[in-house]
2 protein chains.
Amino acid sequence: MTATYRDIKSDILGKITRGEWTPGSLIPGELELAETYGSARATVNRAMRELAEEGIIERKRKSGSRVRLTPLRQARFDIPVIRREIEEQGRAYRYALVRSEVVEAPEWLRARLALQPGSQVRHLVCLHLADGTPWQHEDRWINLALLPQALAADFSASGPTEWLMSQIPFSAVEISISATAADAALAAHLDCAAGEPLLMTERSTRWNDQMVTYVRLVHRPGHRMTTRY
Amino acid sequence: MTATYRDIKSDILGKITRGEWTPGSLIPGELELAETYGSARATVNRAMRELAEEGIIERKRKSGSRVRLTPLRQARFDIPVIRREIEEQGRAYRYALVRSEVVEAPEWLRARLALQPGSQVRHLVCLHLADGTPWQHEDRWINLALLPQALAADFSASGPTEWLMSQIPFSAVEISISATAADAALAAHLDCAAGEPLLMTERSTRWNDQMVTYVRLVHRPGHRMTTRY
DNA sequence: CCTGCCTTTTTGTCTGGACTTGAAAATCAT
DNA sequence: ATGATTTTCAAGTCCAGACAAAAAGGCAGG
């Protein structure tokens, strides 16, 4: 008989989707809702809080909660560890190191990572394959000033992503997704025609307010990122 | 003096990022944490629950909570209402209807929306512009069996997205992002060269377990979706 | 009319206690 | 041993009551 916070949540969501409570309209206060559902205010609060987090409603002290006029839609994509992503499809994962060098950071990278002129970076190019066919091309730059261990690390057997996760497991990240055309090198590595449109993910990772690494991941032709909610 | 759930959360997160609690290791139980922080178990619970939601830790009844070995990373992108997105940049939004027709659903659409053969759909092609330059190309298909109102609706002044939101504000959606090459028509509309790589967002919207609409949004050349966390 | 202060309303958070649930572990029966 | 059953433990949820904090609205003084 007693309503759980889930019950309350889905009941309220139902009222909204059925159009009983229209966008912009005021929802009864927590106290009132607690009474109608026969539960404690804390329970109603949790239901409402989660609805607010999901972008369904908007809450403000004193003014109360109202149904959002423009439902704030947000898509959540899981960023998989590539080895996992491939192995979960029942395919064989293979990794190949294409190039490894230590260089002075080029201009564009310095701007992006806010590096001093003359900074040394480790530059790696690798390929991730599923059942032998190219899956993802990784172009990785690591700030050696912050991660001098990267100088000695060996990336011939496993990728820098996994190594980095062991070094700085939790950090602030900026992710950006765009479309790019395959140049000659990419086309060769990803086994596609030059000029082919490819999905690209760029990630800048920060640690203690300093940029640690920048990576440009180019996915195989036809790759799509999908989510539902 | 008393610790809030935020304090607890950031303290625990600190212990993890500083490496005091390493990936895979067991975190003290809620009761123990409540004692060390001098707070109620419910407060600790909230802190831990949120950390779990954010993919930092993993919780299991009986076994306890542990730091995730592979931090589950997830990117959250806001799906903006395009008019807003443009106006918030201080640019003038303009909408143009390129094509509007009522047709029998083509094969590929029937498969995607699970439609009966012979189903009628409203097909719209529109363009969203910022300061007069093309911003996004919208190719929209609406299931008339579910939304007969779409037959009479007038889309010459404002886009179908806004109209749809007023009709079915909250619904289940599948979003998918990929890269595509501009064909002749797209190139003309988006004012770019044919073959140019473009970011494409596809959305299928469901309501009461029936597919209502499918839309293919192609962004202007160079567009990027960005998020940080 | 405007400005700053106070009151009131509503959400936000916390407490300390309780019961529920899921799953691992231990026990028991075959 | 092996499979079924019970125990036990940690997280999950709930409650009733309390205080905190933001913000809208009203009031008073200039």
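Residues numbered from 1 in each chain as written. Chains lettered and ligands numbered in written order. Predicted model: local features only at pLDDT ≥ 70, side-chain atom pairs only at ≥ 80, totals over all residues. Heavy atoms only, no water.

An unreviewed UniProt entry annotates chain A as GntR family transcriptional regulator originating from Tabrizicola soli.

## Details of the overall build of chain A
The helix and strand tally for chain A stands at eight helices and eleven strands. Here the C-alpha coordinates of chain A stretch approximately 65 × 40 × 30 Å along the principal axes. Looking at chain A as a whole, 47% of its 229 residues are labelled buried. Summed over all atoms, the accessible surface of chain A reaches about 11400 Å², with 50% contributed by carbon and sulfur. Chain A carries 30 positive and 28 negative side-chain charges, and their two centres are separated by 5 Å. (Helix = DSSP H or I, 4+ residues; strand = E, 2+ residues; numbered from the N terminus. Buried < 20%, exposed > 50% of the residue type's maximum accessible area, 1.4 Å probe, protein only. Areas by Shrake-Rupley, 256 points an atom, 1.4 Å probe, with all protein chains shown as cover. Lys, Arg positive; Asp, Glu negative; His and termini not counted. Charge placed at Lys NZ, Arg CZ, Asp CG, Glu CD.)

## A word on the sheet that holds strand 3 (residues 64-67) of chain A
Residues and elements named next belong to chain A. One open sheet holds the three strands; their spatial order is 1-3-2, and the pairing between them is antiparallel. The sheet is open, and its two edges are formed by strand 1 (26-27) and strand 2 (57-60), each paired on a single side. By the bridge criterion, four bridges tie strand 2 to strand 3 in an arrangement that is antiparallel. Its bridge partner being in strand 3, isoleucine 57 is matched across the sheet by valine 67. Each of strand 1, strand 2 and strand 3 is contacted by helix 3 (residues 41-53), which is oriented at about 115° to strand 2, the strand it contacts most. (Pairing = 2+ DSSP bridges. Contact = heavy atoms within 4.5 Å. Axes fitted to C-alpha atoms, helices over the stretch in contact; angles between N-to-C directions.)

## What to know about the packing of helix 2 (residues 30-37) of chain A against helix 3 of chain A
Residue and element names in this part refer to chain A. Two elements in contact, helix 2 and helix 3, have axes whose closest approach is 8 Å; the angle formed by their N-to-C orientations is 110°. Classified by the angle between their axes, helix 2 and helix 3 sit roughly perpendicular to one another. Side by side, helix 2 and helix 3 meet where Glu30, Leu31, Leu33 and Ala34 of the first sit next to Arg41, Val44, Asn45 and Met48 of the second. Grouping the amino acids of the contact of helix 2 with helix 3 by side-chain chemistry returns five nonpolar, one polar and two charged. (Parallel < 35°, antiparallel > 145°, perpendicular 65-115°, else oblique. Nonpolar A, V, L, I, M, F, W, Y, C, P; charged D, E, K, R; others polar.)

## Some thoughts on the relation of the copies chain A and chain B
Relative to chain B, chain A is turned by 180° and slid 0.0 Å along the rotation axis, the superposed coordinates differing by an RMSD of 0.1 Å. Accordingly, the operation relating the two chain copies is best matched by a two-fold axis. Comparing interface residues between copies, 100% of those in chain A also sit at the interface in chain B, which points to an isologous, same-surface contact. (Least-squares fit on C-alpha atoms with pLDDT ≥ 70 in both.)

## Points about the protein's contact with DNA strand C
Taken together, 22 residues surround DNA strand C, and among them Arg41(A), Arg59(A), Thr4(B), Thr43(B) and Arg61(B) come closest. Take Lys62(A): an N or O atom from its side chain is 3.2 Å from a sugar or linking oxygen of DNA strand C. Contributions of two or more residues to the surface near DNA strand C are made by helix 3, strand 2 and strand 3 of chain A together with helix 1 (5-17) and helix 3 (41-53) of chain B. When residues of the surface near DNA strand C are assigned to their parent elements, the largest contribution, four residues, is made by helix 3 of chain B. (Near = heavy atom within 4 Å. Polar contact = N/O pair within 3.5 Å; in protein donor to acceptor, adjacent residues only side chain to side chain.)

## Notes on the protein's contact with DNA strand D
Around DNA strand D, the surrounding shell holds 22 residues, and the nearest of these are Thr4(A), Tyr5(A), Thr43(A), Arg41(B) and Arg59(B). Looking at DNA strand D alone, sugar and phosphate atoms form 73% of those within 4 Å of the protein. At a separation of 3.3 Å, a sugar or linking oxygen of DNA strand D approaches a polar side-chain atom of Lys62(B). For the surface near DNA strand D, the secondary structure elements donating two or more residues are helix 1 (5-17) and helix 3 of chain A together with helix 3, strand 2 (57-60) and strand 3 (64-67) of chain B. Looking at the surface near DNA strand D element by element, the count peaks at three residues for helix 3 of chain A. Classifying every residue of the surface near DNA strand D gives two nonpolar, eight polar and twelve charged.

## Some words on the environment of Leu199(A)
Relative to the elements of secondary structure, Leu199(A) occurs in strand 9 (residues 197-207). Given the relative accessible area of 1%, Leu199(A) is considered buried. For the pair Leu199(A) and Pro71(A), spaced 128 residues apart in sequence, the C-alpha separation works out to 28 Å. Apart from the residues within four sequence positions on either side, Leu199(A) is in contact with Ile177(A), Ser178(A), Leu217(A), Val218(A), His219(A), His223(A), Met225(A), Ile177(B), Ser178(B), Ala179(B) and Leu199(B).

## Digging into the environment of Ala114(B)
Residues and elements named next belong to chain B. Within the fold, alanine 114 resides in the loop between helix 5 (107-113) and strand 6 (120-130). The exposed category is assigned to alanine 114, whose relative accessible area is 64%. Taking the C-alpha atoms as reference points, alanine 114 and glutamine 210, 96 residues apart in sequence, are found 8.2 Å from one another.

## Let's talk about the interface of chain A and chain B
Tallying the contact residues gives 47 residues for chain A and 47 residues for chain B. Between chain A and chain B, roughly 4600 Å² of surface is buried when both sides are summed, and carbon and sulfur atoms account for 55% of that area. Among the residues chain A hides against chain B, the three largest losses belong to Arg73(A), Arg76(A) and Phe170(A). Together they make up 16% of the total. Linking chain A with chain B are four salt bridges. (Buried area = accessible area lost by both parts, 1.4 Å probe. Salt bridge = Lys/Arg side-chain N within 4 Å of Asp/Glu carboxyl O.)

## Details of the domain arrangement of chain A
Looking at chain A, the domain boundaries give domain 1 (5-67) and domain 2 (82-219). Relative to domain 2 of chain A, the C-alpha centre of domain 1 of chain A lies at a distance of 44 Å. (Domains from an automatic or database assignment.)

## Examining the pattern of salt bridges
All names here are of chain B. Evaluated as defined, the whole model comprises 34 salt bridges over all chains. Glutamate 54 is the salt-bridge partner of lysine 9, the closest N and O atoms lying 2.9 Å from each other. Pair noted here: lysine 9 is in helix 1 and glutamate 54 is in the loop between helix 3 and strand 2, with a separation of 45 residues, a long-range link. Note on glutamate 54: relative accessible area 40%, which makes it partly exposed. Taking the shortest distance from any N to any O, the salt bridge between arginine 68 and glutamate 58 comes out at 3.8 Å. With a gap of ten residues between them, arginine 68 in the loop between strand 3 and strand 4 (73-79) and glutamate 58 in strand 2 connect regions that are remote in the sequence. By relative accessible area, which is 18% here, arginine 68 ends up buried.

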